[in-house]
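Structural features, examined
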Amino acid sequence: MIQRTSGYDNKAMWEYCETLKNVVTQTKEVKSGRGKAVEIRKVLKYNTDMQIIENIIDSAKHYRESYEAEQKGKVILRDYQVDIVNKGYKIISQYRFLYLAMEVRTGKTLTSLAIAKLCGVKNVLFITKKKAISSIEADYTALDTNYSLCVINYESLHLVMSDKKWDMVICDEAHSMGAFPKPSQRSILVREVLRRCQPLVILLSGTPTPESYSQMYHQVYGIYSNPFREFQNFYSFCKMYVNVKQRKINGLFINDYGGGLDTILKAMEPYTINYTQAEAGFKAETNEDILEVEMSELTYKIIKKLKKDLVVEGKENIILADTPVKLMMKVHQLCSGTIKFENGESMILDLTKAEFIKKRFKGCKIGIFYKFKEEYNALKKVFGDDLTAELSVFEDTDKSIALQIVSGREGISLRQAKCLVYYNIDFSATSYWQSKDRMTTKERLENQVYWIFSKGGIEYDIYKAVTKKKDYTINHFKQDFYL
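To start, this report covers the structure provided alongside it. Small disclaimer: the values here were computed from a predicted structure and weren't measured.

**Some words on the overall build of the protein chain**
Along the protein chain, the regular secondary structure elements total 19 helices and 20 strands. Counting only C-alpha atoms and orienting by the principal axes, one finds that the protein chain spans roughly 100 × 60 × 40 Å. Buried positions account for 47% of the 483 residues belonging to the protein chain. A separation threshold of at least 6 residues defines the contact pool for the protein chain, and within that pool the share at least 24 residues apart is 68%. By element, 49% of the accessible surface of the protein chain is carried by carbon and sulfur atoms, the whole surface being about 24800 Å². Counting 72 positive and 60 negative side-chain charges, the protein chain places the averaged centre of each group 3 Å from the other.

**Points about the pairing of strand β20 (residues 446–454)**
Of all nine residues in β20, eight are buried, a share of seventy percent or more. Bridge count between strand β11 (residues 285–293) and β20: nine bridges; the pairing is parallel. Paired with Thr286 across the bridge in β20 is Asn447. Alignment of strand β19 (residues 420–422) against β20, held across three bridges, turns out to be parallel. Following the sheet pairing, Leu420 is matched in β20 by Val449.

**Comments concerning the packing of aromatic side chains**
Per the stated rule, a full pass over the model turns up 28 aromatic pairs. Taken together, a centroid distance of 5.9 Å and an interplanar angle of 65° make the contact between Tyr217 and Phe234 edge-to-face. A residue pair is termed long-range when its members are at least 10 positions apart, and Tyr217 in helix α7 (residues 217–220) and Phe234 in helix α8 (residues 234–241) qualify at 17 residues. For the residue pair Tyr217 and Phe234, the accessibility class agrees, reading buried in each case. Ring centres of Phe453 and Tyr463 lie 5.9 Å apart, and the angle between their planes is 65°; on these two criteria the pair is classed as edge-to-face. Taken together, the positions of Phe453 in strand β20 and Tyr463 in helix α18 (residues 459–466) put the pair 10 residues apart, joining distant regions of the chain. Here Phe453 matches Tyr463 in class, with each residue buried.

**What to know about a nonpolar patch on the surface**
A cluster of nonpolar side chains, Ile249, Leu252 and Ile254, forms an exposed patch at the surface whose accessible area comes to about 280 Å². By the secondary structure assignment, Ile254 is in strand β9 (residues 252–256). Residue Ile254 is classed as partly exposed on the basis of its relative accessible area, which comes to 41%.

**Quick look at the side chain of Asn317**
Inspection of the secondary structure assignment puts Asn317 in the loop between β12 (311–313) and β13 (318–320). Its relative accessible area of 15% is what places Asn317 among the buried residues. Of the polar contacts made by the side chain of Asn317, one reaches the side chain of Asn343; its length is 2.7 Å.

**Side note on a negative patch on the surface**
On the surface, a cluster of negative charge is contributed by Asp49, Glu54, Asp58 and Asp79. Note on placement: Asp49 falls in the loop between β2 (39–44) and α2 (50–72).

**Remarks on the sheet that holds strand β4 (residues 123–128)**
Pairing between the strands of a sheet comes from backbone hydrogen bonds, and it takes one of two forms, parallel or antiparallel. In space, the six strands of this open sheet follow the order β5-β4-β6-β7-β3-β10, with parallel pairing throughout. What marks the edges here is a single partner per strand, and that holds for β5 (148–153) and β10 (272–275). With strand direction ignored, the average angle separating the axes of adjacent strands in the sheet is 15°. Relative to strand β7 (residues 200–204), strand β3 (residues 97–102) runs parallel, the two being bridged by four bridges. Counted as the bridge partner of Phe97 is Val201 from β7. Across the sheet, helix α3 (residues 79–95) lies against β3, β6 (168–171), β7 and β10, angled at about 150° from β3, the strand it touches most. Along the sheet, helix α4 (residues 108–119) makes contact with β3, β4, β5, β6 and β7, crossing β3 at roughly 155°.

**Here we look at the nonpolar core**
With 39 residues, the main nonpolar core has Phe97, Leu125, Leu157, Leu203, Phe228 and Phe237 as its most contacted residues. At the level of elements, β3, β4, β6, α6 (185–197), β7, α7, α8 and α9 (263–268) are the ones that each hand at least two residues to this core. Sort the elements by how many residues they give to this core and α6 lands first, with five residues. Each residue touching Leu157, except ones within four places of it in the same chain, is listed here: Leu125, Ile127, Ile152, Leu189, Val190 and Val193. Residues Leu306, Ile319, Ile405 and Tyr463 belong to the second largest nonpolar core, which totals 38 residues.

**Some points on the pattern of salt bridges**
Overall, the coordinates contain 14 salt bridges when judged by the stated rule. Here Lys455 and Glu294 are joined by a salt bridge, their closest N and O atoms 3.7 Å apart. With Lys455 in the loop between β20 and α18 and Glu294 in the loop between β11 and α11 (297–309), this pair connects stretches of sequence that are 161 residues apart. Judged by relative accessible area, which is 43%, Lys455 ranks as partly exposed. With its nearest N and O atoms 3.4 Å apart, the salt bridge here joins Glu297 to Lys301. Here Lys301 and Glu297 lie together in helix α11, a separation of four residues that amounts to about one turn. For the pair Glu297 and Lys301, a shared accessibility class is recorded, and that class is exposed. Sharing partners across several salt bridges, the network here consists of Asp322, Lys326 and Glu342.

Cut-offs used in this document
- Each chain has its residues counted from 1, running along the sequence as written.
- With pLDDT at 70 or above as the cut-off, local features in this predicted model cover only qualifying residues; side-chain atom pairs require 80 or more to be listed or tallied, and sums for whole chains, interfaces and linings still use all residues.
- Just so you know, side-chain values use all the structure's heavy atoms and leave hydrogens and water out.
- Only DSSP runs of H or I covering at least 4 residues are called helices, and only runs of E covering at least 2 are called strands; the numbering of each starts at the N terminus.
- A simple rule labels every residue: compare its accessible area, found with a 1.4 Å probe on the protein chains alone, to the largest value its type can have, and call it buried under 20%, exposed over 50%, or partly exposed in between.
- Note on contacts: a residue pair qualifies if any of its non-hydrogen atoms lie within 4.5 Å across the two residues.
- In these tables, accessible area is a Shrake-Rupley quantity obtained with a 1.4 Å probe, and a residue counts as shielded only by the protein chains included in the view.
- When charges are counted, Lys and Arg are positive and Asp and Glu negative, with His and the chain ends excluded.
- One atom stands in for each charge, and that atom is NZ of Lys, CZ of Arg, CG of Asp or CD of Glu.
- Note on pairing: two strands pair once DSSP finds at least 2 bridges between them.
- In this analysis, rings of Phe, Tyr and Trp, with Trp reduced to its six-membered ring, are considered paired at centre separations within 6.5 Å, and the interplanar angle assigns stacked below 30 degrees, edge-to-face beyond 60, and tilted for intermediate values.
- Like charges within 9 Å and nonpolar side chains (Val, Leu, Ile, Met, Phe, Trp, Tyr) within 5 Å are joined into patches, using only residues over 30% in relative accessible area that form no salt bridge.
- Counted as salt bridges are all cases of a side-chain nitrogen of Lys or Arg within 4 Å of a carboxyl oxygen of Asp or Glu.
- The definition of a polar contact used here is a pair of N or O atoms within 3.5 Å, where within protein one atom must be able to donate a hydrogen and the other to accept one, and adjacent residues in sequence count solely through side-chain atom pairs.
- To obtain an axis, a line is fitted to C-alpha atoms, over the contacting stretch when the element is a helix, and the angle between two such axes runs from 0 to 180 degrees between their N-to-C directions.
- To qualify as a nonpolar core, a set must consist of buried Ala, Val, Leu, Ile, Met, Phe, Trp, Tyr and Cys residues joined through side-chain atoms within 4.5 Å.

Take it as geometry only, folks, not as evidence of what the structure does.
Right under this line is the structure:
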C-alpha cells in the first residue's frame, strides 16, 4: 500500500494513485516477425516491476473505496476483515463464543461489530476502556448496523448490569480480565452479566496471554460454553493445565501458578481466530532512539541521599523508602523529576525532561506517554495550551497529546502523530510492546519512537528488561543498584 502523503485526504490519494496507475500501465505497440507473419502486440511502455504496478493499482482501489465510503458515511471492511467476519460468524453460531486474537491496528473493533450485524442481534453491550469509547461509537455509526449498541468502560459496568437483556456482549482488551489465582473484580462483574443474559460473546485482544497462559481461565470462566467449564474454579483448572511450582519468598513457600501449559491454547483453538499485522499486510518498521538528558543537580542529590539513608526530610514533607519496593518507586519517580511524598501529596521537582521535549520537538504534532500523574502536570506546565489529554482534540487540532502509559497503550490510534515520545517508561513488558504500536496503520511504513532517559537513571535498566519481554521487578532493581 502506498503510504498516505501528509495533508492528502482519501480523494487526493485516490487521484494521485490513479495518475501513477495511468503512467505505469501505458502501453506501446511492438512488431515481431516478418512479412505476412508479422505480429503486433502491446507491451508496457515502461520497464516497471509488476509488484510495484500491483501495489499502485491496489492503492488506487483502496483510496477510491475509502473515499466513496466517506461520501456515504460508511466504512469499507478490508478483504481480510470480511474473511474473518465470515469465519467468526460460523464459530459463534456453533459455540456462542468467539475469541478474536487480532494484533493491534488490524481492526478488531470493526470486525466484531460487523460479526454482530451478521448475527442479527438487537442489543449489544461493548465493554472497553474509557478512552476508546468515542472511537468505538464512531465505528458503530459508520458501519450502518441494524442493532442497538451500548459502549461502556469496565469501571462503569455496574451501571448497566440489569438495564436490559443483552443479546451479545463484546469484551475489548479481554486480557485485562486475566488475573489469577483469584479473579479480578472486572472479570467477576462480566461473569454476572453473562450469567444473567446468556448472550453471544466475543472477546477481543491483541495479546490474549501476555505474561502466562494461566491468564486465559478468568477471561472465559463466565462463558457457558468455554472449554474449561468442567472445572469449578481456577485451582481445579490448574490440576490439568498448570505446572504449579513453589517459590520461597520472605522465608515462606507460596504456590506459583504462572506455569500455564500450551494445552490451554490448544483447548481454545476451536473458538479462536488469530491474525497478525504481517498477515494483514502491515510493513511498518519501528525505529527507537534513546535521548539522554542531564537532570538538575538537586535531583541527583536527592536520589543519592535516598539510596544511602532511605529517607529525605524536607520542611513540610518526607520522602520515605524504607523497603526495596518503595526505594524502586521513588527512584523511578525522581529520575523523571517528580515525587510522591509519604503523606500522599505529589510535587514537580525538575522540569528538565519536559523542557527538553518541548525544545527538541518544536513545531511537531507528537504523542507523549508518561508514567506518573505528576509528570502530566510537568508537561502541561511547559507546553501550556499546546498539549491536550483528549483524543478528539488531538485529532481535530494541531495540539500534541499526553497519555498515561497504562490507559493509553490499548484501544486508541495515534496515527496523526509524527512520532511517539516517552517521558518515562513503565515496568510492564506489555505496556512497552502495546503502547509503541499506537501509530501503526496499514499505509504507514515507518514509526519513530523516542525514549527520554535521565543520565545515570533507572530508565535504561527498565528498558533492557521490557525489550526482552520481561517485566522489571524488584529483583532486577536489587541487582542493578547492588542492594
